[in-house]
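Survey of secondary and tertiary structure
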Amino acid sequence: MIKTWHLGDSRQSMVLASFDGRLPEVVYWGPALPEGEAHQAIAAASIADVSGGMVDRNAAVSLSPEASQTFPGHCGLSVRDKNGTQLAPDSRFRSEAVSEHGVTLVFADDALGLTLTFNLALDAKSSLFKLRSSLESADEIIVDWLAAPVLPVPAHTGEMIEFSGRWCAEFLTRRIPFAPGARVRDNRTGRTDHAHFPGLIVCSPGTRNTSGEAYAFHYGWSGGHKMVAEELQDGRRHVQFGHASGSLPVGRTFHSAPLYVTYSGSGLNGAATRFQKHARNLVAEGARSPRPVHYNCWEAVYFDHELDELRSIASQAADLGAERFVLDDGWFGRRDDDTTSLGDWVIDRRKYPDGLTPLIEHVKALGMEFGIWFEPEMINEDSDLYRSHPDWVLGPADQIRGRQQLVLDMSRQDVRSYLYEHIASVLKHHDVGYIKWDHNRVLPVVDASQAEGTYALIDRLRADFPQVEIESCASGGGRIDFGILERTQRVWLSDSNDALERQRIQHDAALFLPASVTGSHVGPRKCHTSGRVLDIKLRSWTAAQRHMGFEMDPRELTEQEAATLRMVTGWWKANRDWMMQADILRLDSSDPAIIAEQQLAADGSRFVAFAAQMRPSDQILPYPLQLTGLDPNAVYKINLINQDEAPALSRGAPLLKEHDLEVSGQYLMSHGLILPWRFPETIWVLEGRRL
Ligand code: GLA
């Protein structure tokens, strides 16, 4: 007996089948199948042969492959009774509940008292599947591994793009072939972390940004994940995501986080734009619109807070176009450096004798909103909080410190109440519109209840202070995922304000993140994290590609630099309404020295393209830049908005240097635009409008 289920929309279909009541398996996932397709036939046709040296029936790559079925690879569930004896559930169909966009399937092993539930839904707005597994047990058990619903990936997709990174270099991608055996990533840092963005894109060798097939995955969880991408010895491949190993406490009820997946037949961009859209939808309700231009004082003053100086910086930031002033680390306890005071969330009266109100009033009088930095989950030993509650610390006393700090145990109600009271008190007594919520070290132990505790605290604060936006920061991009984005409205993508590094990080983060949530600031002339000196034009346009802000000391700006920054900020404000809703389409530049993207308005009526010359090209003439996502039959008017930046060494007369171009979408996508020659570490910006 075969039971089948189908989920899908006009872009993709997923067909599941359960044979003789056993756990369901995905028997088709790919381009949308026609209406009325015979799902039973597809299920029956999915049965593979058996040959020499094999067991007599192939164990299914089910939503949770089972050891009891002689599954020859990494199982979807690894569970022990409370004495430590391994259990091997053999689950059978119990019930189903079908709704408009999804299905809930319940399977159980009655003898072991284990019930597995799969929630499978397709988000109609973004075309992302949201998949979740839950496990219930009659007795207390130890769960070593609970995969979110496990999905097979087809044989013709032989490669995977996975993510690594480090401080100041988030979202590094690596494209590697599948090979027999498992590629395992087990992120035991206790947070999403710079080195472990929980994503994977399975694709064909020929898949590019703008063409080819891609199966993309993202695990929406901030507590550290494990990923398994395995090729079995029989050639079948599958992908699993779940919480990091060893992070689930003994209990009776367990859940995976949501796994977001999508199939794209239109290159990496097809998947990227759905993740971007989903993230835009997640934050839409809580986020200020239009997105305000930020000023953050961290790289201007660090811990040296002086009221008059901050006032003067705020005035200059407002004059440059800032609309939100964020007071970073250093305003509380006796925080003169990073050795002290985390946990003591009371205003430092040495620095602010009359409290924060004088600064806030000044900021507001300039027409800006006031934002403030917290690092709630952390504690310094040199703090009143530690002196009164040393027992609130997570992990052993002799653990290695991180940035001289320890971590609070967020699973404790008293810890969360303390933090709530102190943060709420600042919010109640001041006109604060924004929190930058930091998390500057990895955890000493991996425990899912830590991330759950943080989620609960943020949820409580958001419920009571819905007008206060929150930015997720963890030494830059150490906590970026859809779990945190369900409750925060912006991410600090990286501590690197080096515009060249940002170009690369932003480009790769756009595989999942839209502009509206991705903070990007114009840093100091000489970058504090790379030592590199970059021109204000590149720095300004790079920030203008995302949610724009400034972070340098404005007093360092020459008049010319200030004028450029003011001009680009004005341009950003004039365009942000549509850009913050636009799809970021990564362009396939023929020249590896160029990183290029196109932001296409939701209605397709306009776009802006950015082409950054990261280093000198090998060939002397710029290759044509091919655009994407346009209507081939429409005519577009193209204008190179910074055409006056062509250097004297650009001696020829490419049309865009002096004129606009009116030409078809087909030409723009197939032939591409010839840009003037220019120096490395510069950027061209092109505007296009459909006529
Ligand atoms: C982290 C953040 C920075 C800044 C400092 C303050 O490193 O990523 O942006 O807020 O903390 O200590």
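Just above, that's the structure.
Just so it is clear, the model here is predicted, and its values are computed rather than measured. (Residues numbered from 1 in each chain as written. Predicted model: local features only at pLDDT ≥ 70, side-chain atom pairs only at ≥ 80, totals over all residues. Heavy atoms only, no water.)

Things to note about the packing of helix H11 (residues 536-543) against helix H12 (residues 559-579)
- Between H11 and H12, whose axes approach to 9 Å, the crossing angle comes to 20°. The orientation of H11 with respect to H12, classified from their angle, is roughly parallel. The handedness of the crossing between H11 and H12 comes out as right-handed. For the pair formed by H11 and H12, the contact residues are Ile 536, Lys 537, Arg 539, Ser 540 and Trp 541 on the first element and Glu 561, Thr 564, Leu 565, Met 567, Val 568 and Trp 571 on the second.
- Each residue belonging to the contact of H11 with H12 can be placed in one class, and the counts come to six nonpolar, two polar and three charged. (Axes fitted to C-alpha atoms, helices over the stretch in contact; angles between N-to-C directions. Helix = DSSP H or I, 4+ residues; strand = E, 2+ residues; numbered from the N terminus. Parallel < 35°, antiparallel > 145°, perpendicular 65-115°, else oblique. Left-handed = near helix turned anticlockwise from the far one by under 90°. Contact = heavy atoms within 4.5 Å. Nonpolar A, V, L, I, M, F, W, Y, C, P; charged D, E, K, R; others polar.)

Focus on the site of the ligand
- Taken together, 13 residues are adjacent to the ligand, and Asp 328, Asp 329, Arg 403, Lys 436 and Asp 495 come closest.
- Take Asp 328: an N or O atom from its side chain is 2.7 Å from an oxygen atom of the ligand.
- At a separation of 2.9 Å, an oxygen atom of the ligand approaches a polar side-chain atom of Arg 403.
- If the ligand stood free it would expose 310 Å²; the protein chains cover 95% of that surface.
- Split by residue class, the shell around the ligand holds four nonpolar, three polar and six charged. (Near = heavy atom within 4 Å. Polar contact = N/O pair within 3.5 Å; in protein donor to acceptor, adjacent residues only side chain to side chain. Areas by Shrake-Rupley, 256 points an atom, 1.4 Å probe, with all protein chains shown as cover.)

Side note on the packing of aromatic side chains
- Tallying each qualifying case throughout the model produces 33 aromatic pairs.
- Between Trp 298 and Tyr 302 the ring centres are 4.8 Å apart and the planes differ by 75°, which places this aromatic pair in the edge-to-face class.
- Trp 298 sits in the buried class, given a relative accessible area of 16%.
- Arranged with centres 6.0 Å apart and planes meeting at 55°, the rings of Phe 607 and Tyr 636 form a pair that is tilted. Here Phe 607, found in strand E32 (residues 606-613), pairs with Tyr 636, found in strand E33 (residues 635-640); they are 29 residues apart in sequence, far enough to count as distant.
- Looking at Phe 607, the relative accessible area reads 1%, which means it is buried.
- For Tyr 636, a relative accessible area of 1% corresponds to the buried category.
- Joined through ring pairs, the aromatic side chains of Phe 163, Phe 171, Phe 197, Tyr 260, Phe 275, Phe 482 and Phe 512 make up one cluster. (Phe/Tyr/Trp six-rings, centres within 6.5 Å; stacked < 30°, edge-to-face > 60°. Buried < 20%, exposed > 50% of the residue type's maximum accessible area, 1.4 Å probe, protein only.)

A word on helix H8 (residues 448-464)
- Helix length check: H8, at 17 residues, gives a terminal C-alpha distance of 25 Å against a target of 24 Å (1.5 Å per residue), a fit within 8%.
- Elements that come into contact with the buried residues of H8 comprise strand E17 (237-243), strand E24 (406-407), helix H7 (413-429), strand E25 (434-437), strand E26 (469-472) and helix H9 (482-485). (Expected span 1.5 Å × (residues − 1).)

Topic: the nonpolar core
- Of all hydrophobic cores here, the largest spans 140 residues; its most connected members are Trp 29, Phe 217, Phe 325, Leu 327, Trp 331 and Phe 550.
- With eight residues, the top contributor of residues to this core is H7.
- Counting residues in hydrophobic clusters, the runner-up holds 27 residues, among them Phe 171, Ile 201, Val 283 and Ile 505. (Core = buried A, V, L, I, M, F, W, Y, C linked by side-chain atoms within 4.5 Å.)

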